[in-house]
Amino acid sequence: MFLGGEELSKSCKGLALELVKCLSESDCIKIENRPYKECAGEKCPSIPSECVGLRETYFNCKRGQACSCFFLLFNSI
């Protein structure tokens, strides 16, 4: 079922907030003082596995939104 544009964009917001909270408590932010964007990157070894899991789940959520929008756009033609 298609969620409407506004609802669709909100569906990953909770995951994003959890990821930011997790990263905030990581050594990458606290000790190394690196930017969130850098800490969220795939090649950052100083984040806990919980954050890695949240990052993957969040990215998959966003990817799913893009795929859904793409699918709906081309099926409505």
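Within every chain, residues take consecutive numbers counted from 1 along the sequence as written. Two thresholds apply to this predicted model, a pLDDT of at least 70 for residue-level local features and 80 or more for giving and counting side-chain atom pairs, whereas whole-chain, interface and lining totals are computed over all residues. Hydrogens and water are ignored here; the side-chain numbers use all heavy atoms of the structure.

Engineer: Looking at this structure, I do not really get the overall build of the protein chain. What am I missing?
Structural biologist: Of the regular secondary structure elements, the protein chain holds five helices and zero strands. Tracing the protein chain from N to C terminus, the helices and strands come up as α-α-α-α-α. Here the protein chain holds 77 residues, and the buried ones make up 25% of them. We call two residues contacting when some pair of their heavy atoms lies within 4.5 Å. Long-range contacts, defined here as pairs at least 24 residues apart, represent 44% of the contacts in the protein chain between residues at least 6 apart. Carbon and sulfur atoms make up 60% of the accessible area of the protein chain, which totals about 5600 Å². Helix and strand assignments come from DSSP, with helices taken as H or I runs of at least 4 residues and strands as E runs of at least 2, each series counted from the N terminus. Using a 1.4 Å probe on the protein chains alone, a residue whose accessible area is under 20% of its type maximum counts as buried, one over 50% counts as exposed, and one in between counts as partly exposed. What sets the accessible areas is the Shrake-Rupley method with a 1.4 Å probe; for residues, cover comes only from the shown protein chains.

Engineer: Would you explain the side chain of Ser 46 in this entry?
Structural biologist: By secondary structure assignment, the location of Ser 46 is in the loop between α4 (36–39) and α5 (49–75). For Ser 46, a relative accessible area of 17% translates into the label buried. Leaving out residues up to four positions away in the same chain, Ser 46 has contacts with Ser 26, Asp 27, Cys 28, Glu 32 and Arg 34.

Engineer: Just to check I follow, could you spell out the packing of aromatic side chains for this structure?
Structural biologist: The description of two aromatic rings rests on the distance between their centres and on the angle between their planes. Pairing of aromatic rings covers Phe, Tyr and Trp, the last counted by its six-membered ring, and requires centre-to-centre distances within 6.5 Å; plane angles under 30 degrees mean stacked, over 60 mean edge-to-face, and any other angle means tilted. Under the counting rule described, the total for this entry stands at one aromatic pair. Consider the rings of Tyr 58 and Phe 59, whose centres lie 5.9 Å apart with planes at 50°: the pair is tilted.

Engineer: I'm lost on the pattern of salt bridges in this one. Help?
Structural biologist: When the charged atoms of two side chains with opposite charge come close together, those side chains can pair. Salt-bridge detection follows one rule: a side-chain nitrogen of Lys or Arg within 4 Å of a carboxyl oxygen of Asp or Glu. Tallied over the entire structure, the rule returns three salt bridges. A salt bridge links Glu 32 to Arg 34; the nearest nitrogen and oxygen atoms lie 3.0 Å apart. We classify Arg 34 as partly exposed; its relative accessible area is 23%. One continuous salt-bridge network, built from bridges that share partners, spans Glu 32, Arg 34 and Glu 38.

Engineer: I would appreciate a short explanation of the state of the cysteines in the present structure.
Structural biologist: Two cysteines form a disulfide when their sulfur atoms are joined by a covalent bond. Any pair of cysteine sulfurs within 2.5 Å is marked as a disulfide. Counted under the stated rule, the structure contains three disulfides. The partner cysteine of Cys 12 in its disulfide is Cys 61, sulfur to sulfur 1.8 Å. Disulfide Cys 12 to Cys 61: torsion about the S-S bond roughly -90°, handedness left-handed. Taken together, the residues Cys 12 in the loop between α1 (5–10) and α2 (13–24) and Cys 61 in helix α5 connect sequence positions 49 residues apart. Residue Cys 12 shares its accessibility class with Cys 61, and that shared class is buried. Covalently, Cys 22 is tied to Cys 51 through a disulfide, its sulfur atoms 2.0 Å apart.

Shape is all these values report; function is a separate question.
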